[in-house]
Each structure stands twice: as structure tokens, then as C-alpha cells.
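What follows is the residue order along each chain.
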Amino acid sequence: MSIVSWILLGLVVGLIANALDPKPASGGIIGAILLGIVGAIVGGFLGQVVLGTGITGFNLGSIVIALIGSLIVLFLARSFNKA
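Residues numbered from 1 in each chain as written. Predicted model: local features only at pLDDT ≥ 70, side-chain atom pairs only at ≥ 80, totals over all residues. Heavy atoms only, no water.

**Digging into the overall build of the protein chain**
And then number 1: Within the protein chain one finds three helices and zero strands.
And then number 2: Ordering the α and β elements of the protein chain from the N terminus gives α-α-α.
And then number 3: A globule of 83 residues ought to have a C-alpha radius of gyration of about 12 Å, and the protein chain, at 12 Å, matches this closely.
And then number 4: Structurally, the protein chain occupies a C-alpha span of about 35 × 25 × 20 Å along its principal axes.
And then number 5: Counting the 83 residues in the protein chain, one finds 33% classified as buried.
And then number 6: Counting only carbon and sulfur atoms, one obtains 76% of the accessible surface of the protein chain, whose full area is about 5,000 Å². (Helix = DSSP H or I, 4+ residues; strand = E, 2+ residues; numbered from the N terminus. Rg over C-alpha atoms; globule rule 2.2 N^0.38 Å. Buried < 20%, exposed > 50% of the residue type's maximum accessible area, 1.4 Å probe, protein only. Areas by Shrake-Rupley, 256 points an atom, 1.4 Å probe, with all protein chains shown as cover.)

So this is what it looks like as C-alpha cells:
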């Protein structure tokens, strides 16, 4: 995937993760993109380890894997900020 594809995937996934979260992050559009990109990396790694498939492009499977990774990153960030 190209850098533009990663940014677009990060934007889509970050916005979806912020919409699903009951207390959305206040990072704005840049925060959503970063959350989505980091989530895609985490989700892709975990998907590769657990399922044998990671982020393969801009498709529904990759969006779901990246979304799961984004929600994990969001949960961990909130957990560490409370401590």
C-alpha cells in the first residue's frame, strides 16, 4: 500500500473508531488519522499472528482488522492515561 492509501485507511478507520467510542478523542482529524494508522499497524500485526492475514489493501477485511486494532489502541491509551 502507498502512503496515501495508509492515510486514507487511517482516516476512515480513525473516524469510525471515534464514532464507536462513547467518549470520542479530542484530537480532531489529525488525531483520527493517527489513531487509524497506528490501529492499522497494530491490527495488521495481530491479524497476521492470529488469523494469518493482515492489512492487504483498502478493502472491507482490512478496514475491520484496522478498526479492531484502533479500538485496542484507544482502550490502551485511555487505560494508561487513568493511571
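Here the narrative resumes, following the displayed structure.
**Comments concerning helix α1 (residues 3-20)**
And then number 1: Its 18 residues give α1 an end-to-end C-alpha distance of 25 Å, which sits within 8% of 26 Å, the value for a rise of 1.5 Å per residue.
And then number 2: Every buried residue of α1 is accounted for by L9, G10, V13, G14, A17 and N18. The buried side chains of α1 occupy one side of the element, clustering within an arc of 155° when seen end-on. Of the exposed residues in α1, the ones pointing more than 90 degrees away from its buried face are V4 and A19. (Expected span 1.5 Å × (residues − 1). Arc of directions from axis to C-beta.)

**Considerations on the environment of S79**
And then number 1: Secondary-structure assignment places S79 in helix α3 (residues 60-82).
And then number 2: Sequence-wise, S79 and A32 are 47 residues apart; in three dimensions their C-alpha atoms are separated by 18 Å.
And then number 3: Within the local environment of S79, its side chain forms a polar contact with the backbone oxygen of F75, the two atoms lying 2.9 Å apart. (Polar contact = N/O pair within 3.5 Å; in protein donor to acceptor, adjacent residues only side chain to side chain.)

**Remarks on the nonpolar core**
Taken as a class, soluble globular proteins show a tendency for nonpolar side chains to be buried jointly.
And then number 1: One finds L9, V13, A17, L35, A40, I63, A66, L67, V73 and L74 forming the largest nonpolar core, which totals ten residues.
And then number 2: Among the elements of the structure, α1, α2 (28-50) and α3 are those that each provide at least two residues to this core.
And then number 3: Ignoring sequence-local partners within four residues, the contact set of V13 consists of G36, I63, A66, L67 and S70. (Core = buried A, V, L, I, M, F, W, Y, C linked by side-chain atoms within 4.5 Å. Contact = heavy atoms within 4.5 Å.)

**Description of the packing of α1 against α2**
And then number 1: The interhelical angle for the contact between α1 and α2, taken along N-to-C directions, is 105°, at an axis separation of 6 Å. As judged from the angle between their axes, α1 and α2 are roughly perpendicular. Residue-level inspection shows W6, I7, L9, G10, L11, V13, G14, L15, A17 and N18 of α1 in contact with α2, the latter providing I29, A32, I33, L35, G36, I37, A40 and I41.
And then number 2: Here the residues of the contact of α1 with α2 are counted per class, giving 14 nonpolar, four polar and no charged. (Axes fitted to C-alpha atoms, helices over the stretch in contact; angles between N-to-C directions. Parallel < 35°, antiparallel > 145°, perpendicular 65-115°, else oblique. Nonpolar A, V, L, I, M, F, W, Y, C, P; charged D, E, K, R; others polar.)

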